[in-house]
Amino acid sequence: MAELFLNNNKIANISTTSLMLPNLKKLDLSRNLLTFIDRETFRGIKNLEYLNLADNKFTTFTNLMFHHLSNLNEIILDNNNIGASLQRVNLFDRSGYGLTRKIQSISINRINFGNVPPNFFIDAYDLRKLSITHNKITDVFELPCELQYLDMSDNPLSEIAGEDFVNLPSLRDLKLNNLLISEIPEFAFENLHSLKTLELGRNKNLTQFSSIAFGADVLSDAVDFPLEKLSLKGSRLTKLDAELLEPFGHLTELDLQGNPWHCDCDMKWVKRLQIPEHYTDHLRCGSPPDLFNAKIFDLKSKFFTCDNKKRHIGFAIALFTVCTILAMMAVWIFLCIPSRHCNPATFRDLYGTSAAYSVLPTSPN
């Protein structure tokens, strides 16, 4: 027997002699009532390569040990409340869980895991796939350098930076959905030279996406841009820099749906992207009000106007007009209204002649 599926039952106990199956490669015990497995239970399945223990009742490593599974390369521990235990004991600790260093795939979703301790995966030399979603992780931890797939979605992670994803030359799939991040900063993914799929969906606080998140070089020449699939759906983005046209134009899949896009002249470039029809139905405007909920790809280019720029131009025209009118009035006043000259008689009439200033008679002497 190479595969054994015992999932979706009400198994609460497994005797140490129940699994004497030396040829067993795959064992599924998910969705049962297991709280304890004796370490000797796995002695008879040393050639096991795949083990699924998801949706059971495990809470601590003392009830769950993998020391005899030397050939195991994939394990699923989802929905077991072992997060607190992992804060104290490493998965690969021989005095603890004893997981083999040959492991290539680990799934620890919904295990109530807080921030990952330092060097937690230092012994995971061959780990290629890691899924660690729906936990309480607030910081990006030290990642195994051979990773090809990483899913950190649904964690209260509020910030990412380029330094978080260095030394990951083989990473091809990165999923960062439903986090608390508010921006994708400069050079966030510049070091991921093998990245093919990037998911950034359902990030309800995400309002900023740097035009050089993938580096500055790809803006002018995206020939070596590795990304093929990008999802930004269901976030709070209102605009994207037009400089992203070059790299985004090389994508085979781009999902921008579910964002409140501001449909002005700065977003007109999006219509130049080759987006499949099934990714355009919910690609709609959030503003201005007269275009609310309009399908971007149904709008003609003339509707993508910039109200602010119009107001600036209008103000400049009005100011120029006023200045011109004032200048013309000044010229008219200067040329057409005669100057007033001083009349001595008028001066005397107004002020009279003082005796102290009368002209005195003079004599020849």
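Each remark here, short or long, concerns the structure printed above.
Residues numbered from 1 in each chain as written. Predicted model: local features only at pLDDT ≥ 70, side-chain atom pairs only at ≥ 80, totals over all residues. Heavy atoms only, no water.

Another point: the overall build of the protein. Within the protein, the secondary structure is distributed over four helices and 15 strands. For the protein, buried positions account for 43% of its 365 residues. Sequence-distant contacts in the protein: of pairs separated by 6 or more residues, those separated by 24 or more amount to 56%. A total of about 20,300 Å² of accessible surface is found on the protein, and carbon and sulfur atoms cover 53% of it. (Helix = DSSP H or I, 4+ residues; strand = E, 2+ residues; numbered from the N terminus. Buried < 20%, exposed > 50% of the residue type's maximum accessible area, 1.4 Å probe, protein only. Contact = heavy atoms within 4.5 Å. Areas by Shrake-Rupley, 256 points an atom, 1.4 Å probe, with all protein chains shown as cover.)

Moving on, we get to the state of the cysteines. For the coordinates displayed, the defined rule picks out two disulfides. Across the disulfide from Cys 263 sits Cys 285; the S-S distance is 2.0 Å. On the sign convention where negative means left-handed, the S-S torsion of about -100 degrees between Cys 263 and Cys 285 marks this disulfide as left-handed. Placement of Cys 263 in the loop between strand S14 (261-262) and strand S15 (285-287) and of Cys 285 in strand S15 is noted, with a sequence separation of 22 residues between them. An identical accessibility class is assigned to Cys 263 and Cys 285; each is buried. For Cys 265, the disulfide goes to Cys 306, at an S-S distance of 1.6 Å. Its torsion about the S-S bond being -90 degrees, the disulfide of Cys 265 and Cys 306 is classed as left-handed. In this pair, Cys 265 sits in the loop between S14 and S15 while Cys 306 sits in the loop between S15 and helix H3 (307-336), placing the two residues 41 residues apart along the sequence. For Cys 265, a relative accessible area of 23% puts it in the partly exposed group. When the bonded cysteines of the protein are numbered from the N-terminus onward, they pair as 1-3, 2-4. (Disulfide = S-S within 2.5 Å.)

Now for the environment of Asp 123. Within the element layout of this structure, Asp 123 appears in the loop between strand S5 (105-107) and strand S6 (129-131). Considered as a pair, Asp 123 and Ile 103 are 20 residues apart in the sequence and their alpha carbons are 9.9 Å apart. The contact partners of Asp 123, leaving out residues within four places of it in the chain, are Phe 92 and Arg 101. Side-chain polar atoms of Asp 123 contact the side chain of Arg 101, separated by 3.5 Å. (Polar contact = N/O pair within 3.5 Å; in protein donor to acceptor, adjacent residues only side chain to side chain.)

This structure, assessed with the given rule, holds eleven aromatic pairs. Three or more aromatic residues joined by ring pairs make a cluster, and in this case those are Phe 165, Phe 189, Phe 209, Phe 214, Phe 225 and Phe 248. Lying over the aromatic face of Tyr 50, Lys 26 brings its terminal NZ or CZ to 4.7 Å of the ring centre. Sitting over the face of the ring of Phe 297, Lys 271 holds its NZ or CZ atom 5.6 Å from the ring centroid. (Phe/Tyr/Trp six-rings, centres within 6.5 Å; stacked < 30°, edge-to-face > 60°. Lys NZ or Arg CZ within 6 Å of the ring centre and 35° of its normal.)

On to the pattern of salt bridges, then. Under the counting rule described, the total for this entry stands at eight salt bridges. The residue Glu 253 makes a salt bridge to Lys 229 at a minimum N-O spacing of 4.0 Å. Of this pair, Glu 253 sits in strand S13 (residues 253-255) while Lys 229 is found in strand S12 (residues 229-231), placing the two residues 24 residues apart along the sequence. The class of Glu 253 is partly exposed, set by a relative accessible area of 28%. Arg 284 is paired through a salt bridge with Asp 281; the nearest N and O atoms lie 3.7 Å apart. (Salt bridge = Lys/Arg side-chain N within 4 Å of Asp/Glu carboxyl O.)

Generally speaking, nonpolar side chains in soluble globular proteins are found buried as a group. Phe 66, Ile 106, Phe 189, Phe 209 and Phe 248 are the most contacted members of the largest nonpolar core, which has 98 residues in total. In this structure, Phe 248 is in contact with Phe 209, Phe 214, Leu 230, Leu 240, Leu 254, Trp 269 and Leu 273, ignoring residues within four places of it in sequence. (Core = buried A, V, L, I, M, F, W, Y, C linked by side-chain atoms within 4.5 Å.)

With that settled, consider the sheet that holds strand S1 (residues 3-5). Reading across the sheet, the eleven strands line up as S1-S2-S3-S4-S5-S6-S7-S8-S10-S12-S13 and stay open at both edges, with parallel pairing between neighbours. Every other strand in the sheet has two partners, leaving S1 and S13 as the edge strands with one partner each. Between one strand axis and the next, the sheet turns by 0 degrees as a mean value, whatever way the strands run. Relative to S6, S5 is paired through three bridges, and the arrangement is parallel. In the strand pairing of S6, Ser 105 is matched with Lys 129. (Pairing = 2+ DSSP bridges. Axes fitted to C-alpha atoms, helices over the stretch in contact; angles between N-to-C directions.)

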